[in-house]
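What follows is the residue order along each chain.
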Amino acid sequence: MLLVRCRFLTPASGPVAGKWELSLTDALGPYLSYLECCGMVEGCPAGSCPHPKGAALQAVGVDLDGSANCKKKNRMSQPILKAVVEDKEKFSSLGRIKKMLKGQGTFDGEENAVLYQNYKEKALDIDSDEESEPQEQKLDDKVVFHYKPLRSTWSQLSVVKKNGLSEAISQEERKRQEAIFEVISSEHSYLLSLEILIRMFKNSRELSLTMTKTESHHLFSNITDVYEASKKFFEELEARHQNNILIEDISDIVARHAGSTFDPYVKYCTNEVYQQRTLQRLLATNPAFKEVLSRIESHEDCRNLPMFSFLILPMQRVTRLPLLMDTICQKTPKDSAKYENCKQALKEVSKVCSQGARKMERTEMMYTINSQLEFKIKPFPLVSSSRWLVKRGELTAYVEDTGLFSKRTSKQQVYFFLFNDVLIITKKKSEESYNVTGYSLREQLLVLPCDGDEPGPGSSPGRSAPGMLHPGRSAASHLFRLLLLSNHAGDRVEMLLGADTQSDRARWITALGQDSDRQHTDRTTLAQVETIRTYTAKQADELSLQVADVVLVYQKVNDGWYEGERLRDGQRGWFPSECAKEITCRATLDKNMERMGRLLGLETNV
């Protein structure tokens, strides 16, 4: 809840000829969109106008009288007043309203601008179907406004409210218009944030002097191309919106841009891992970079938001667009051509970074790993368009040496590169060099439990089984057996392996095992969690998450890791449990499964 103390102002004499819109978005933060007031009554004393629209509000801290004399220092954050000409014609039919609404722009100015970091899409709140209009409550000389997180809505547009357009159409069509408009308004907000990222950070000469060109490229990649793609997309959306406030459809625009214009997103998403590593290293080891960056972030144009919040916006945008299009699908009659067009657009936009970027990243990763391997045995042709890395990491191998009079167990470190079809066993020489000692096709691998050890993957996290391990035990406790039915030489080899943590053991067993049982899992029986904090995958078997992502949970490990399936694209992986909260509402769980069915074309039991 946001309290706004206001006082009333009226002109000294004479009628007020026009309406005034007061933009307080940036003055009062992301929870207040704008106040729209009318001066309609002549000669009303200040503070006592009987007409509900007979006075203009002035919020504390915004000088209306002197606003005309103030120099506009920041074009995106300075509160201003603008006149809106009063339309005197009364509309008597929906057809006349449509005709008069053509050509009226909504995003011509930036005084109502909300950065994408503060923009809350209604489509991300699957339970929400209510109006987002602020509720007014008067208490003595105060006016109290209850605001939810800011959402720009179609119904709140001045031209819609002024002409009573919401009442002239059906409730179902109004909801569809809201969903369509949210795609446009959120793209506008996103575009403004990208402009700040480029102008304030990427183009900062002072910041560029604190790092190398390679580091700068890793940080910003092709963000300028991403900006241009967003600009083209928004301009076409806005042109259709200006042509008619009641938009028939935008599916053709979305599908066309997703299939071609959005190509720069693939490259940008592929660079995400390098971007995160570079930023962390610069902040930790480069004082000059950290000092300049802090100074830029404190600039009023950046609204005290960190650069990182700008850098991750393209990833957030391509993950949210499918959800926005899915909402339009929900609001569109299923027996109409519009519904089929919307489904096709949803399919196209879902591919942008879930498939294209992943394929490119996998190919680049294969070439990198191949250059780091030194085969001491018969070489294996590693690089293939159909091969990708599943998991990599170091394990402790326990080798039994049989002497003349006794047996002795020794330890040695092995480094595994597990791909979707083959396991490469190496010894690590350095961070970029590995000696290959063996390999085996994945179909020849069999994971075996160790007696008295932890329960295997898929066991209930709520049950306490005999021998269950907890964080803090030695690496030797986190054991499992790996049987190579036939290795590179055709030999049968059994390995006793130890992991450093309980979750690492569970992750290796899951990765090395076969997924045939998982394919038959009834998803409606799985727990669901909602992401509350962004997480960027650090390893190949991890899952990157954006805020509001929904994940189906397959495994929970006691030391704080979950294995799950991302609802929006079916991607599987591990993530820290602290990044998510469990969803318990039955209606929400069912709606999520319905949405997953639409996004992935899966058959569910809901």
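Residues numbered from 1 in each chain as written. Predicted model: local features only at pLDDT ≥ 70, side-chain atom pairs only at ≥ 80, totals over all residues. Heavy atoms only, no water.

### Details of the overall build of the protein
Move 1: Broken down by element type, the protein carries 16 helices and 21 strands.
Move 2: Out of the 606 residues belonging to the protein, those deemed buried represent 48%.
Move 3: Put simply, 67% of the contacts in the protein that link residues at least 6 apart link residues at least 24 apart.
Move 4: Carbon and sulfur atoms make up 50% of the accessible area of the protein, which amounts to about 30000 Å² in all. (Helix = DSSP H or I, 4+ residues; strand = E, 2+ residues; numbered from the N terminus. Buried < 20%, exposed > 50% of the residue type's maximum accessible area, 1.4 Å probe, protein only. Contact = heavy atoms within 4.5 Å. Areas by Shrake-Rupley, 256 points an atom, 1.4 Å probe, with all protein chains shown as cover.)

### Let's talk about the pairing of strand β17 (residues 527–531)
Move 1: Here β17 runs beside strand β18 (residues 550–557); their pairing, made up of four bridges, is antiparallel. Within the sheet, the bridge partner assigned to V529 lies in β18 and is V551.
Move 2: Of the strand pairs in this sheet, β17 and strand β21 (residues 580–582) are connected by three bridges, and their pairing is antiparallel. Note on β21: the bridge partner recorded for E530 is K581. (Pairing = 2+ DSSP bridges.)

### Section: the pattern of salt bridges
For side chains of opposite charge, pairing can occur when their charged atoms come near one another.
Move 1: Counted by the stated rule, this structure contains 27 salt bridges.
Move 2: Between R199 and D301 there is a salt bridge; the shortest N-O distance is 2.8 Å. With R199 in helix α4 (residues 171–202) and D301 in the loop between α11 (287–297) and α12 (307–311), this residue pair connects regions lying 102 residues apart in the sequence.
Move 3: Among the residues examined, R199 registers a relative accessible area of 31% and is labelled partly exposed.
Move 4: Judged by relative accessible area, D301 falls into the buried class, the value being 8%. (Salt bridge = Lys/Arg side-chain N within 4 Å of Asp/Glu carboxyl O.)

### Details of the nonpolar core
Move 1: Counting residues in each nonpolar core, the largest one holds 74 residues, and the members touching the most others are F201, L207, L219, F220, F289 and M307.
Move 2: No other element matches the 13 residues that α4 contributes to this core.
Move 3: Those residues in contact with F220 that lie beyond four places of it in its chain are L197, F201, K202, L207, M211, Y268, M307 and L311.
Move 4: Core analysis: the second largest hydrophobic core is formed by 20 residues, A397, V414, L482 and L512 among them. (Core = buried A, V, L, I, M, F, W, Y, C linked by side-chain atoms within 4.5 Å.)

### So, helix α6 (residues 213–220)
It helps to recall that an α-helix has 3.6 residues per turn; residues three or four apart then point in one direction.
Move 1: Every buried residue of α6 is listed here: E215, L219 and F220. The buried residues of α6 all sit within an arc of 115° when viewed along its axis, so they share a single face. Looking at α6, the residues exposed on the side facing more than 90 degrees away from the buried face are K213 and T214.
Move 2: Count one or two residues on from α6 and you reach S221, which has phi positive near 45°. (Arc of directions from axis to C-beta.)

### What about the environment of V183?
Move 1: Inspection of the secondary structure puts V183 in helix α4.
Move 2: Those residues in contact with V183 that lie beyond four places of it in its chain are L237, I250, R317, L321, L324 and I328.

### Some remarks on the side chain of S350
Move 1: Relative to the assigned elements, S350 resides in helix α14 (residues 337–372).
Move 2: Within polar-contact distance, the side chain of S350 engages the backbone oxygen of L346 at 2.7 Å. (Polar contact = N/O pair within 3.5 Å; in protein donor to acceptor, adjacent residues only side chain to side chain.)

### Points about unusual backbone geometry
Move 1: Positioned with a positive phi, S221 is a non-glycine residue whose angle comes to about 45°.
Move 2: With respect to the helices and strands, S221 occurs in the loop between α6 and α7 (223–243).
Move 3: For R303, which is not a glycine, the phi torsion comes out positive at approximately 55°.
Move 4: With respect to the helices, strands and loops of the structure, R303 is situated in the loop between α11 and α12.

### Observations concerning helix α9 (residues 263–270)
Move 1: Counting buried positions over the eight residues of α9 gives six, a clear majority of the element.
Move 2: Of all the positions in α9, only P264, Y265, V266, Y268, C269 and T270 are classed as buried.

### Observations concerning the sheet that holds β17
Move 1: Within the open sheet, the five strands sit side by side as β20-β19-β18-β17-β21. Their pairing is antiparallel. Two strands bound the open sheet, and with one partner strand each, they are β20 (572–576) and β21. Sheet twist, expressed as the average angle between the axes of neighbouring strands with direction ignored, equals 45°.
Move 2: Taken strand by strand, helix α16 (residues 586–600) contacts β17, β18 and β19 (561–566), and its axis lies near 80° from that of β17. (Axes fitted to C-alpha atoms, helices over the stretch in contact; angles between N-to-C directions.)

### Concerning the confidence of the model for the protein
Move 1: Overall, the prediction assigns the protein a mean pLDDT of 76, with 67% of residues at 70 or greater.
Move 2: Counting contacts from residues 1–104, a segment whose pLDDT is below 50, to residues more than four positions away or on other chains yields 184 contacts.
Move 3: Below pLDDT 50 for its whole length, residues 602–606 participates in ten contacts with residues either more than four positions away or in separate chains. (pLDDT = per-residue confidence, 0-100.)

### Here's the deal with the pairing of β18
Looking down a regular strand, the side chains alternate between one sheet face and the other.
Move 1: In terms of burial, β18 is largely enclosed, as seven of its eight residues are buried.
Move 2: Both β18 and β19 contribute to a ladder of six bridges, which runs antiparallel. Its bridge partner being in β19, K556 is matched across the sheet by Y562.
Move 3: Taken together, β18 and the strand that follows it, β19, pair antiparallel across an intervening segment of three residues, in which G560 is found at a positive phi of about 100°.

### Let's talk about the environment of A229
Move 1: Looking at where A229 falls in the secondary structure, it is placed in helix α7.
Move 2: Judged by relative accessible area, which is 3%, A229 ranks as buried.

### Some details on the side chain of D541
Move 1: For D541, the position within the fold is in the loop between β17 and β18.
Move 2: Of the residues examined, D541 reaches a relative accessible area of 9% and is grouped as buried.
Move 3: Within polar-contact distance, the side chain of D541 engages the side chain of K391 at 3.2 Å.
Move 4: Not counting residues within four places of it along the chain, the set of residues in contact with D541 comprises V390, K391, R507, G573 and W574.

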